[in-house]
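Understanding the architecture of this molecule
Here is how the chains run, residue by residue.
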Amino acid sequence: MSNTKQTITDSEYEIMKLLWRSNSKMTVAEVVNGLGNDWSASTVSTFLQRLLKKGIVSCDKKGKTNLYYPLLRQSDYDMSETQSFLSKLYNGSVKNLVAALYENKKLSKEDMSELKKMFELE
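Within each chain, residue numbers correspond to sequence positions counted from 1 in written order. Reporting of local features is limited, given that this is a predicted model, to residues whose pLDDT is at least 70; pairs of side-chain atoms are given and counted only at 80 or more, and all residues count toward the totals for whole chains, interfaces and linings. Only hydrogens and water are set aside; all other atoms, that is, all heavy atoms of the structure, feed into the side-chain values.

Quick word on the nonpolar core
- Nonpolar core, defined: a set of buried Ala, Val, Leu, Ile, Met, Phe, Trp, Tyr and Cys residues in which side-chain atoms within 4.5 Å join the residues together. Throughout, exposure labels follow a simple rule: accessible area from a 1.4 Å probe, protein chains only, divided by the maximum for the residue type, with under 20% read as buried, over 50% as exposed, and the rest as partly exposed. Counting 20 residues, the largest nonpolar core has Ile-15, Met-16, Leu-19, Val-44 and Leu-48 as its most contacted members.
- In terms of residue count, helix H1 (residues 10-21) provides more of this core than any other element does, 5 residues in total.
- By the convention used here, residues are in contact when the closest approach between their heavy atoms is within 4.5 Å. Setting aside residues no more than four positions away along its own chain, Met-16 makes contact with Ile-8, Leu-51, Ile-56, Val-57, Pro-70 and Leu-72. Going along the chain from the N terminus, every DSSP run of H or I of four or more residues is numbered as a helix, and every run of E of two or more is numbered as a strand.

This is the structure in structure tokens:
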């Protein structure tokens, strides 16, 4: 599924990164364990319910336990966010983004060399 129109908050994104890395469906407890001690089970459960409502994750029931897994692929989300960023700040132009990075000295000579090699492959 490619539901990239939905907004994912920063906290939801942390959960999504964990689900994307997982090779199997995850319980709330496993998500909490993967995120660390700053997250409570109720907080994680709330965010997972929001992601369920948005159609970004799904879950299977195994007894009383929910097993969560992503419906949205990370590559689809990344591309959607990249396109949104480019549209919002650079009129959809990769060239304008690269020019801004160059003008602000955010591109190293190594970065420029790697970009040049990438474009030469085309």
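Here we look at the pattern of salt bridges
- Between Lys or Arg on one side and Asp or Glu on the other, a salt bridge is scored when a side-chain nitrogen of the former is within 4 Å of a carboxyl oxygen of the latter. The tally for this structure, following the rule as stated, stands at 4 salt bridges.
- Residues Glu-14 and Lys-17 are paired through a salt bridge, measuring 3.1 Å at the closest nitrogen-oxygen approach. With Glu-14 and Lys-17 both in helix H1 and 3 residues apart, this pair spans about one turn of that helix.
- For Asp-60, the salt bridge identified is with Lys-25, shortest N-O distance 2.1 Å. Of this pair, Asp-60 sits in strand E1 (residues 57-62) while Lys-25 sits in the loop between H1 and helix H2 (28-35), placing them 35 residues apart in sequence.
- On the basis of relative accessible area, Asp-60 is assigned to the partly exposed category, the value being 28%.

Some words on the pairing of E1
- Where E1 and strand E2 (residues 65-70) come together, 6 bridges link them in antiparallel fashion. Of the residues in E2, the one forming a bridge with Lys-61 is Asn-66.
- The rule for pairing is simple: two strands pair if DSSP sees at least two bridges between them. Connecting E1 to the antiparallel partner E2 that follows it, the hairpin turn spans 2 residues, and Gly-63 within it adopts a positive phi of roughly 70°.

Some remarks on the confidence of the model for the protein
- Each residue carries a pLDDT score, the predictor's own confidence in it, on a scale running from 0 to 100. Looking at the protein as a whole, the pLDDT averages 89, with 94% of positions reaching at least 70.
- No element of the protein has a lower mean pLDDT than helix H5 (residues 94-103), at 85, and none a higher one than E2, at 97.

A short note on the packing of aromatic side chains
- Pairing of aromatic rings covers Phe, Tyr and the six-membered ring of Trp, with a centre-to-centre limit of 6.5 Å; geometry is then stacked below 30 degrees between planes, edge-to-face above 60, and tilted otherwise. Enumeration according to the criterion identifies 5 aromatic pairs in this entry.
- Taking 5.6 Å as the distance between ring centres and 35° as the angle between the ring planes, the aromatic pair formed by Tyr-13 and Tyr-77 counts as tilted. Here the residue Tyr-13 occupies a position in helix H1, and Tyr-77 occupies one in helix H4 (residues 74-90), the gap between them amounting to 64 residues.
- Among the residues examined, Tyr-77 registers a relative accessible area of 7% and is labelled buried.
- Centroid distance Trp-39 to Phe-47: 6.0 Å. Interplanar angle 65°. Geometry classified as edge-to-face. Phe-47 carries the same exposure label as Trp-39, and that label is buried.

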